[in-house]
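Results of the structural survey
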Amino acid sequence: MSLIPKKGNVYVVDDDEAVRDSLQWLLEGKDYRVKCFDSAESFLTRYDPREVACLIADIRMDGMTGLELQDRLIERKSPLPIVFITGHGDVPMAVQTMKKGAMDFIEKPFKEEELLALVERMLDQAREAFSSHQEAASRDALLARLTTREAQVLERIVAGRLNKQIADDLGISIKTVEAHRANIMEKLNANTVADLLKIALGATAKA
């Protein structure tokens, strides 16, 4: 059996030790890797945004509240999916968290099946976000290989300019534009102009 659970990482942030222990027992029993924190502050110092993970957090905690924690993560542009748990049944607060992007809101005592289904939904979302981030990082690495002049040529190719127009724009010969174009295709591992546009625009274009 693998030492690394296949299902993903779940952060639990709650100042109630009994709740933390209960969630850890439940989730580890379902093959999730669980990391528990007794405060939002301690979580923020240890959170690794490179992990595919989700967050279960109590809304009302001593010190930084769950709402404030959500605001901090938004400031960091964190894609971490969140579900909030509370024993207070505060519907206006629930609406506020979900307007800010929380996936859901669950009241204590919660049903195990309901929470597990939410965790799986959050991790699916986290995997998609991580994949998109990786693709963007890969595109950025490829584009960083271009010289300033090649980047200028690429910008005009994306804008739909013809070789002659690009040559006129940049004050260079058509032959030089063609050479730059060939170098750009090679550096970006593009076989067609459509491939080039997908990389440059960061979107999946249909041929």
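Note that the structure is a prediction, hence the values are computed from the model and not measured. (Residues numbered from 1 in each chain as written. Predicted model: local features only at pLDDT ≥ 70, side-chain atom pairs only at ≥ 80, totals over all residues. Heavy atoms only, no water.)

Some points on the packing of aromatic side chains
With the rule as written, the count across this model stands at five aromatic pairs. For the ring pair Tyr 11 and Phe 43, a centre distance of 5.1 Å and an interplane angle of 70° mean the geometry is edge-to-face. Of this pair, Tyr 11 sits in strand β1 (residues 9–13) while Phe 43 sits in helix α2 (residues 40–46); the two residues are 32 residues apart in sequence, bridging distant segments of the chain. Both residues of the pair, Tyr 11 and Phe 43, count as buried. (Phe/Tyr/Trp six-rings, centres within 6.5 Å; stacked < 30°, edge-to-face > 60°. Helix = DSSP H or I, 4+ residues; strand = E, 2+ residues; numbered from the N terminus. Buried < 20%, exposed > 50% of the residue type's maximum accessible area, 1.4 Å probe, protein only.)

Some words on the pairing of strand β2 (residues 33–37)
Sheet topology note: the β1/β2 ladder contains five bridges and is parallel. Note that in β2 the partner of Tyr 11 across the bridge is Lys 35. Once you follow β1 into helix α1 (residues 17–28) and on to β2, the crossover reads as right-handed. (Pairing = 2+ DSSP bridges. Right-handed = clockwise from strand over helix to strand, strands pointing away.)

Quick word on the UniProt feature "modified residue: 4-aspartylphosphate" (unreviewed entry) in the protein
UniProt marks Asp 58 with the feature "modified residue: 4-aspartylphosphate" (unreviewed entry), using the numbering shown here. Within the element layout of this structure, Asp 58 appears in strand β3 (residues 53–58). Residue Asp 58 is classed as buried on the basis of its relative accessible area of 4%. Ignoring anything within four residues of it in the chain, the contact list for Asp 58 reads Val 13, Asp 14, Asp 15, Gly 66, Phe 84, Ile 85, Thr 86 and Lys 108. (UniProt positions renumbered as here; feature names shortened; annotations may be inferred. Contact = heavy atoms within 4.5 Å.)

Quick notes on the packing of α1 against helix α5 (residues 112–143)
Close contact between α1 and α5 brings their axes to 11 Å; oriented N to C, the two are set at 70°. Taken together, the axes of α1 and α5 are roughly perpendicular relative to one another. Considering only the axes of α1 and α5, their crossing is right-handed. Only Glu 112, Leu 115, Leu 116 and Val 119 of α5 make contact with α1, whose side of the interface consists of Leu 23, Trp 25, Leu 26 and Leu 27. Considered class by class, the residues forming the contact of α1 with α5 number seven nonpolar, no polar and one charged. (Axes fitted to C-alpha atoms, helices over the stretch in contact; angles between N-to-C directions. Parallel < 35°, antiparallel > 145°, perpendicular 65-115°, else oblique. Left-handed = near helix turned anticlockwise from the far one by under 90°. Nonpolar A, V, L, I, M, F, W, Y, C, P; charged D, E, K, R; others polar.)

Quick notes on the confidence of the model for the protein
Residues of the protein with pLDDT of at least 70 account for 92%, and the chain-wide mean is 85. Taken together, the stretch residues 1–5 has pLDDT below 50 and engages in four contacts with residues farther than four places along the chain or on a different chain. Long-range and interchain partners of residues 203–207, a stretch whose pLDDT sits below 50, account for two contacts in this model, where long-range means more than four residues apart. (pLDDT = per-residue confidence, 0-100.)

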